[in-house]
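One letter stands for each residue in the lines below.
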Amino acid sequence: MFRISQIMQEIAAPTPLGPKRNPPGPVVIWNLIRRCNLTCKHCYSISADTHFPGELTTAQVATVMDDLKAFGVPVLILSGGEPLLHPDIYDIAKRARSMGFYVALSSNGTLIDEDNIGRIAECDFNYVGVSLDGLGATHDKFRRQGGAFAASLKGIRLCRDRGLKIGVRFTLTQDNAHDLPGLLKLVEDEGIARFYFSHLNYAGRGNKNRRDDARHQLTRQAMDLLFETCWDHQQRGLEKEFTTGNNDADGVYFLHWVRRRFPERAAHVEAKLRQWGGNASGVNVANIDNLGNVHPDTMWWHHTLGNVLARPFSQIWPDTTDPLMAGLKTHPRPVKGRCGACAWLAICNGNTRVRALQLTGDAWAEDPGCYLSDEEIA
């Protein structure tokens, strides 16, 4: 994840570089349930509104949670499917919070209503993220359900009004890019705390729809809009977080933006970006799916490192006998082509390896999702 707001603060108020602090353990995105009330076009878990057998019981979830805590995992992102369909989601969330985890809920928002908002608020989630794929009809088309946008927006407002930190997630494609300006305005007007911009990743249903991926020029325009919007918010003193994911070239593109807009801060920002270090899949980001399978991140469901029912996560995660994990944990990573020759490898860390694998069969080939020109990476 690239935290635009955080690094942009270094333009207005630079802070000393200091030593790099590695987290004690990876952020774990946990797909507690695969069932979902929607069938979204770019769903990486290819969920559906049906029961998926073999999912972890609540008792097994608790055992795994104990191991994660002992291993130093700081953050649990409870996801799905739609996690609110899990019969024990509230008990699981409360247990996680009582253990000291930072706990986030990743929802489509349509099931958040007056009947359950009280129980959601009682869980005291550190963050609730809701996906919006555009405004109105655009969102409904992506979610394949009429009225989905209105239901999700209602859920967002209910969370906001209960004092929960609420954020919007948006995945850019050619079919919804036109709604990005309006969505950013909605985030401001509704007092939404965070905006997460995701590039389309070639995994799950997203892989099947990769021909709809925004072309590179469209991506660059979207990033320019995000940077300018974030800077405008900071200048106006609005406390709002802007982040991006699934394309670590964003950090390099931001550096070029800083060079154009604030050249006197470019060297400092570059040092901060190098310290950030780019893609963290297999290192500081992990995924546990609904069956207990462990993956380098949520886009690697086709590659399983082990299962928490057979072997504790704390033993699976550091194991580098798996060639993919060995490569992901290598620094610098053994990337090829444009990525291997890129002058900014230390900033983006080879970007998202799953795109390279999906299109070439080689996880270490250059990332086809990199939207930087040859001149920009020289």
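For the structure itself, look to the data block above.
Residues numbered from 1 in each chain as written. Predicted model: local features only at pLDDT ≥ 70, side-chain atom pairs only at ≥ 80, totals over all residues. Heavy atoms only, no water.

Participant: Hey, could you go over the packing of helix H1 (residues 4-12) against helix H10 (residues 249-261) for me, with residue numbers and the actual values?
Facilitator: Each pair of packed helices gets described by two things: the angle between the helix axes and the distance between those axes. In contact at an axis separation of 12 Å, H1 and H10 are set at 20° when each is read in the N-to-C sense. The pairing of H1 with H10 is recorded here as roughly parallel in orientation. Both H1 and H10 take part in a crossing whose hand is right-handed. Note on element contacts: H10 touches H1 through Phe 254, Trp 257 and Val 258, opposite Ile 7, Met 8 and Ile 11. Among the residues forming the contact of H1 with H10, the class breakdown is 6 nonpolar, no polar and no charged. (Axes fitted to C-alpha atoms, helices over the stretch in contact; angles between N-to-C directions. Helix = DSSP H or I, 4+ residues; strand = E, 2+ residues; numbered from the N terminus. Parallel < 35°, antiparallel > 145°, perpendicular 65-115°, else oblique. Left-handed = near helix turned anticlockwise from the far one by under 90°. Contact = heavy atoms within 4.5 Å. Nonpolar A, V, L, I, M, F, W, Y, C, P; charged D, E, K, R; others polar.)

Participant: Summarise empty space enclosed by the protein; cite the residues concerned and give the values.
Facilitator: As enumerated under the stated definition, the model contains 2 cavities of 30 Å³ or more in all. In this structure, the largest cavity occupies an estimated 100 Å³ of space. Lining the largest cavity are 13 residues, and of these Cys 339, Cys 342, Cys 348, Cys 370 and Ile 377 lie nearest its centre. Within the residue set of the lining of the largest cavity, elements represented by two or more residues are H10, helix H14 (337-341) and helix H15 (345-348). Split by residue class, the lining of the largest cavity holds 9 nonpolar, 1 polar and 3 charged. (1 Å grid on protein atoms, 1.4 Å probe; cavity = no way out; pocket = protein on both sides within 12 Å on 5 of 7 lines; lining within 4 Å. Points joined across faces, edges and corners; volume = space filled by probe spheres on them.)

Participant: Can you tell me about the sheet that holds strand E7 (residues 194-199), naming the residues and giving the values?
Facilitator: The strand order across the open sheet built from 11 strands is E1-E8-E7-E6-E5-E4-E3-E2-E9-E10-E11, with neighbouring strands paired in mixed fashion. With one partner strand each, in any of the chains shown, strand E1 (2-3) and strand E11 (306-307) form the two edges of the open sheet. Sheet topology note: the strand E3 (residues 75-79)/strand E4 (residues 102-107) ladder contains 4 bridges and is parallel. What sits directly across from Val 75, in E4, is Tyr 102. This element, helix H6 (residues 148-161), spans strand E5 (127-131) and strand E6 (166-172) of the sheet and lies at about 150° to E6. (Pairing = 2+ DSSP bridges.)

Participant: Quick rundown of helix H3 (residues 89-98)? Include the residues and the values.
Facilitator: Every buried residue of H3 is accounted for by Ile 89, Tyr 90, Ile 92, Ala 93 and Ala 96. Considered in projection along H3, the buried side chains sweep an arc of 165° and stay on one side of the axis. Looking at the buried side of H3, the elements it contacts are helix H2 (58-71), E3, E4 and helix H4 (117-122). Phi turns positive, to about 95°, at Gly 100, one or two residues after H3. (Buried < 20%, exposed > 50% of the residue type's maximum accessible area, 1.4 Å probe, protein only. Arc of directions from axis to C-beta.)

Participant: Which residues make up the pairing of E6, and what values do they have?
Facilitator: The buried count for E6 comes to 7 of 7 residues, which makes it a mostly enclosed element. What you see with E6 is no split at all: Ile 166, Val 168, Phe 170 and Leu 172 on one side and Gly 167, Arg 169 and Thr 171 on the other are buried throughout. Strand direction decides the pairing type here: E5 and E6, joined by 4 bridges, are parallel. When the sheet's bridge partners are listed, Gly 129 is paired in E6 with Gly 167. Relative to E7, E6 runs parallel, the two sharing 6 bridges. Following the sheet pairing, Gly 167 is matched in E7 by Arg 194.

Participant: I'd like a description of the pattern of salt bridges, backed by residues and values.
Facilitator: This structure, assessed with the given rule, holds 23 salt bridges. Linked by salt bridges that have partners in common, Arg 157, Arg 160, Asp 161 and Glu 190 make up one network. (Salt bridge = Lys/Arg side-chain N within 4 Å of Asp/Glu carboxyl O.)

Participant: I'd like a description of unusual backbone geometry, backed by residues and values.
Facilitator: With an omega of 15°, the peptide bond between Gly 80 and Gly 81 qualifies as cis. The omega torsion across His 331 and Pro 332 is -5°, close enough to zero to call that bond cis. Checked against the element boundaries, Pro 332 lands in the loop between helix H13 (323-329) and H14. Phi angles above zero are rare outside glycine, and Asp 124 is one such case at about 55°. Tracing the chain through its elements places Asp 124 in the loop between H4 and E5. Here the phi dihedral of Asn 351 falls at roughly 60°; this positive angle occurs in a residue that is not glycine. Overall, the relative accessible area of 1% leaves Asn 351 in the buried class.

Participant: Which residues make up the nonpolar core, and what values go with them?
Facilitator: Core analysis: the largest hydrophobic core is formed by 97 residues, its most contacted members being Trp 30, Leu 68, Leu 76, Phe 195, Phe 254 and Phe 313. Leave out the neighbours within four places in its chain, and Leu 68 touches Val 28, Trp 30, Val 73, Leu 76, Phe 101, Ile 288 and Phe 313. (Core = buried A, V, L, I, M, F, W, Y, C linked by side-chain atoms within 4.5 Å.)

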